[in-house]
Amino acid sequence: MKKLLLIIALLISTGGFCIDYSTLQTGNFQTASTWAFGGRTPPTPSVGNSAYVSVNSGHTVTLNSNIIFGNNCNLDVYGTLIINGDLIADNNSLTINVPCELIVNGKMEGKNGATIAISGNVSVSGDVVFNNGGSITLDSGNVNIGGNFIGDQNSEIYGTGTIDVGGNNSFDSDPPETIDIKPYSGLPVELLFLINNF
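Bear in mind the structure is a predicted one, so any value in this text is a computation, not a measurement.

In this section: unusual backbone geometry. For the bond running from threonine 44 to proline 45, omega is 5°, close enough to zero to count as cis. Following the sequence through the fold, proline 45 ends up in the loop between strand 2 (27-28) and strand 3 (46-48). The backbone of serine 50 shows a phi angle near 55°, a positive value even though the residue is not glycine. Take serine 50: it is sitting in the loop between strand 3 and strand 4 (51-55). The phi torsion at asparagine 132 lies on the positive side, around 55°, for a residue other than glycine. Inspection of the secondary structure assignment puts asparagine 132 in the loop between strand 13 (128-130) and strand 14 (135-145). Owing to a relative accessible area of 54%, asparagine 132 belongs among the exposed residues under this scheme.

Here is the structure:
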């Protein structure tokens, strides 16, 4: 009985099975002093399932490797997150909330029917690829893709926003009217945001 009560207390105190990672200061993603809660760093390359990663306002965090999110994860970027590698959603859902800036110096990939929801400004230097279906939902988001935008016949785009594509768009040749897919202008995503919202 005591073990059961201990398990219930642990689940309540940690918010169920969700694992929270929140920045304490600017720094390297893999350095303990960057993170709050005793310096617990998000594991890389695989963050795992049900993880909540938050880069707080005024913080710039740099990750020099790939990062893989499992099922039901959130990535909130209230500061700046620079990923010098690939960002991969491996199954189910990854919600990316970016009131400030997310820069991926690599590719963004949705595997196995992954869904990615984006609000804010996201810049990807490489390709954005979805395989085995999957979807992107923009909530007034702006996505700047330096490479190709690739999907299959089961891939879908929802919501409202702008996607600038430097390469080819084979993701969705007939997106909803609320999504503007256009050739990449070469302008930084911050300037594109200002132009698109002027």
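With that out of the way, let us pick up the packing of aromatic side chains. Inspection of the entire model under this criterion finds three aromatic pairs. Seen in terms of ring centroids, phenylalanine 29 and tryptophan 35 are 5.2 Å apart; in terms of plane orientation they differ by 80°. Their pairing is edge-to-face. The exposure classification of phenylalanine 29 matches that of tryptophan 35, with both residues buried. With 4.4 Å between their ring centres and 5° between their planes, phenylalanine 149 and phenylalanine 171 make a pair best called stacked. Here phenylalanine 171 lies in the loop between strand 16 (156-165) and strand 17 (179-183) and phenylalanine 149 lies in strand 15 (residues 149-150), a separation of 22 residues in the sequence.

One open sheet holds the six strands; their spatial order is 3-6-9-11-13-15, and the pairing between them is parallel. Two strands bound the open sheet, and with one partner strand each, they are strand 3 and strand 15. By the bridge criterion, four bridges tie strand 9 (residues 87-90) to strand 11 (residues 108-111) in an arrangement that is parallel. Bridging from a neighbouring strand, leucine 87 pairs with methionine 108 of strand 11.

Before going further, it helps to examine the pairing of strand 7 (residues 73-77). Burial of strand 7 is extensive: four of the five residues sit out of reach of the surface. As defined by bridge partners, strand 4 adjoins strand 7 across four bridges and the pair is classed as parallel. Note on strand 7: the bridge partner recorded for tyrosine 52 is asparagine 74. Of the pairings in the sheet, the one linking strand 7 to strand 10 (residues 93-104) comprises four bridges and is parallel in character. Bridge pairing links asparagine 74 to threonine 95 in strand 10.

Basis of the calculations
- Residues numbered from 1 in each chain as written.
- Predicted model: local features only at pLDDT ≥ 70, side-chain atom pairs only at ≥ 80, totals over all residues.
- Heavy atoms only, no water.
- Helix = DSSP H or I, 4+ residues; strand = E, 2+ residues; numbered from the N terminus.
- Buried < 20%, exposed > 50% of the residue type's maximum accessible area, 1.4 Å probe, protein only.
- Phe/Tyr/Trp six-rings, centres within 6.5 Å; stacked < 30°, edge-to-face > 60°.
- Pairing = 2+ DSSP bridges.

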